[in-house]
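Now for the letters of each chain:
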Amino acid sequence: MRQLAMRQFRRIRELDLEVAPGFNVLVGANAQGKTTVLEGIALLGTTQVLRGRRDADAITSDCDEASVRGTLAESGTTLAMDLLRGARKRASLNGLGLPRPSDLLGRFPVTTVTTEDLRLVRGEPSDRRLFLDLELSALSSAYLRDFGQYKRALEQRNALLRRAREFFVPDEAFEPWEAMMAKAAETIREWRAEYVVSLEKAAQPVQMGMGQGESLNLQYEANDDARTETDFLRAWSSSRGLDLQRGGTSVGPHRDDWAIVVDGRDARYYGSQGQQRTAVIGIKIASLAVAAERLGFTPMLLLDDMLSDLDETRRARLVSVVRERAAQAMLTCTESALAGPELLRSAAVFSVHDGRVTAL
């Protein structure tokens, strides 16, 4: 990214920032707007706000809309996202509106590492699935297409299940939606399982370098035994009675999970806070390597306030890994010294105070 413009986005009223091609360090006390800058960049890459569940939460409290625009360094392409209260967000490319916000996915891949990412270990299966779906959607338009098809058909099947609790719905009404789901389900599960294998391979050396010699293994956990389109059709046909009682579809890739295992123990239950944090950082950094291999370039890395909670040894190792593996990065910290003298010598450093960003 070469330029970033933000208007009325959280506590930042107005920002026009020249982003350095290498490393950028945002320094400031808590609640001054550092994370907001990263969140604006991430919004263009992932179409998701990092904090809160509603897009409207990111609009400055006394305003009705917010906007984020970024110009890419290599192509000069401008990506934009507008958030509006009471309406769906709008995405545009070089000033031309796009049909869906998701049409921005893949145009500016980013990898974010925040304290919220500890949900990868501690959170629900939906948090871990979301990570896989966002990463794969940014890497493959085919995955994004199949995932969107599956999601839309799943919503229709669930709507029929809810309706069937009050009115008679024949089996034939379910079959078209299940057929649409089955075509996508097979490829979704294959893509995810293969990506987890690639991620494990890339994450293991990062984990060894950042941790205390711990091993790291990732295991995809399918919700059922279905593998082929025929398997899925059979599973949904046989589970309709149970699904009717539950009011939702009980089997399929939308119920899958994946485990993060540190030194042979599931980090969800047995990992220390330091092990969990290091594992998450290792996985996120590894996703840079996987993306670089598949895209031919390295996504931008956004590292939010991950240095202050690490001891000096782990912090130095993290900075070393970031310098080695990231091409363009932006990281935040409360004190510039946390970034280390070697990184600071080659970085553009900015002060953030009360929603204003100033180059130092």
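Right above here is the structure, for reference.
Definitions and cut-offs
For every chain, the first residue of the written sequence is number 1, and numbering continues from 1 onward in sequence order. For this predicted model, a pLDDT threshold of at least 70 governs which residues receive local features, and a threshold of 80 or more governs which side-chain atom pairs are given and counted, while totals over whole chains, interfaces and linings are taken from all residues. For side-chain calculations, the full set of non-hydrogen atoms in the structure is used, while hydrogens and water are omitted. Two strands make a pair as long as DSSP finds a minimum of two bridges between them. Secondary structure counts use DSSP, requiring at least four H or I residues in a row for a helix and at least two E residues in a row for a strand, with both numbered from the N terminus. For this analysis, residues touch if any pair of their heavy atoms sits within 4.5 Å. Here, axes are lines fitted to C-alpha atoms. For helices the fit covers the stretch in contact, and angles between N-to-C directions go from 0 to 180 degrees. Burial status follows relative accessibility: with a 1.4 Å probe on protein chains alone, a residue under 20% of its type maximum counts as buried, one over 50% as exposed, and anything between as partly exposed. Remark: nonpolar core denotes a set of buried residues (Ala, Val, Leu, Ile, Met, Phe, Trp, Tyr, Cys) joined through side-chain atoms within 4.5 Å. A pair of Phe, Tyr and Trp rings is counted when the ring centres sit within 6.5 Å of each other, with Trp represented by its six-membered ring. The angle between the planes then sorts it: under 30 degrees is stacked, over 60 is edge-to-face, the rest tilted. The salt bridge criterion pairs a side-chain nitrogen of Lys or Arg with a carboxyl oxygen of Asp or Glu, the two atoms within 4 Å.

A.B. asks: Explain the sheet that holds strand β9 (residues 216-221) here, please?
C.D. replies: Within a beta sheet, neighbouring strands are joined by backbone hydrogen bonds and run either parallel or antiparallel to one another. Ordered in space as β9-β10-β11, the 3 strands form an open sheet in which the pairing is antiparallel. At either margin of the open sheet sits one strand with a lone partner, and together these are β9 and β11 (265-266). Judged from the 2 bridges that link them, strand β10 (residues 257-262) and β11 form a sheet pairing that is antiparallel. Considered in β11, the bridge of Val261 is made with Asp266. Strands in contact with helix α3 (residues 125-139) are β9 and β10; relative to β10, the strand with the most contacts, it is inclined by about 95°.

A.B. asks: Sorry, what's going on with the side chain of Asp146 here?
C.D. replies: Mapped onto the secondary structure, Asp146 falls in helix α4 (residues 141-164). By relative accessible area, which is 12% here, Asp146 ends up buried. With sequence-adjacent residues up to four places away left out, Asp146 is seen in contact with Ala184, Thr187 and Ile188.

A.B. asks: Looking at this structure, I do not really get the pairing of strand β1 (residues 3-9). What am I missing?
C.D. replies: For a regular strand, side chains alternate in direction, first toward one face of the sheet and then toward the other. The pairing of β1 with strand β2 (residues 12-18) spans 6 bridges and is classified as antiparallel. Each bridged residue has a counterpart across the sheet, and for Arg7 the counterpart in β2 is Glu14. Remark: 2 residues form the turn of the hairpin made by β1 and β2, two consecutive strands paired antiparallel; Arg10 in that turn has positive phi of roughly 50°. As paired elements, β1 and strand β4 (residues 65-71) share 5 bridges and run antiparallel to each other. Residue pairing across strands places Met6 opposite Val68, the latter belonging to β4.

A.B. asks: I'm lost on unusual backbone geometry in this one. Help?
C.D. replies: Generally, phi is negative for residues other than glycine and the peptide bonds are trans, each holding for most cases. A positive phi angle, near 50°, is found at Asn94, a position not held by glycine. Considering the arrangement of structural elements, one finds Asn94 in the loop between β6 (90-93) and β7 (96-97). Judged by relative accessible area, which is 48%, Asn94 ranks as partly exposed.

A.B. asks: Help me understand the pairing of strand β8 (residues 110-113) in this model?
C.D. replies: Every second residue of β8 is oriented toward a common face, with Val110 and Thr112 on one face and Thr111 and Val113 on the other, all of them buried. Direction of pairing for β8 relative to strand β12 (residues 300-304): parallel, over a ladder of 4 bridges. From the neighbouring strand, Val113 faces β12, where its bridge partner is Leu303.

A.B. asks: Teacher, can you tell me more about the sheet that holds β6 here?
C.D. replies: Ordered in space as β2-β1-β4-β5-β6-β7, the 6 strands form an open sheet in which the pairing is antiparallel. Only two strands of the sheet have a single partner each, and these edge strands are β2 and β7. Taken strand by strand, helix α1 (residues 34-46) contacts β1, β2, β4 and β5 (78-84), and its axis lies near 110° from that of β1.

A.B. asks: Whenever I open this one, the nonpolar core confuses me. Can you help?
C.D. replies: The tendency in soluble globular proteins is for nonpolar side chains to be buried as a group. Membership of the largest hydrophobic core comes to 39 residues, with the highest contact counts inside it found for Leu199, Trp258 and Ile260. By residue number, the principal contributor to this core is helix α5 (residues 171-210), which donates 10 residues. Not counting residues within four places of it along the chain, the set of residues in contact with Ile260 comprises Leu120, Val121, Leu216, Asn217, Leu218, Arg265, Asp266, Ala267, Ala279 and Ile283. In this structure, Val37, Leu83, Met330 and Val352 belong to the second largest nonpolar core, which totals 37 residues.

A.B. asks: What should I look at first to understand the packing of aromatic side chains in this one?
C.D. replies: Within a pair of aromatic rings, the relevant descriptors are the distance that separates the centres and the angle that separates the planes. For the structure shown, the criterion picks out 6 aromatic pairs. On the basis of an interplanar angle of 10° and a centroid distance of 6.1 Å, the ring pair of Tyr143 and Phe147 is categorised as stacked. Taken as a pair, Tyr143 and Phe147 lie in helix α4 at a separation of 4 residues, close to a single helical turn. Among the residues examined, Tyr143 registers a relative accessible area of 0% and is labelled buried.

A.B. asks: Just checking my understanding: could you explain the pattern of salt bridges for this structure?
C.D. replies: Opposite charge on two side chains makes pairing possible when the charged atoms of those side chains draw close. For the structure shown, the criterion picks out 28 salt bridges. Here Asp16 ties to Arg7 by a salt bridge, and the two come within 3.1 Å at their closest N and O atoms. Owing to a relative accessible area of 53%, Asp16 belongs among the exposed residues under this scheme. The exposure class assigned to Arg7 is partly exposed, which follows from its relative accessible area of 28%. The closest approach of N and O atoms between Arg157 and Asp243, which form a salt bridge, is 2.9 Å. Within this pair, whereas Arg157 is found in helix α4, its partner Asp243 is found in helix α7 (residues 240-246), the two being separated by 86 residues in sequence. Arg157 sits in the buried class, given a relative accessible area of 0%. Put simply, Arg128, Glu221, Asp257, Asp266 and Arg268 are held in one network by salt bridges that share partners.

Any functional reading would require information that these geometric values do not contain.
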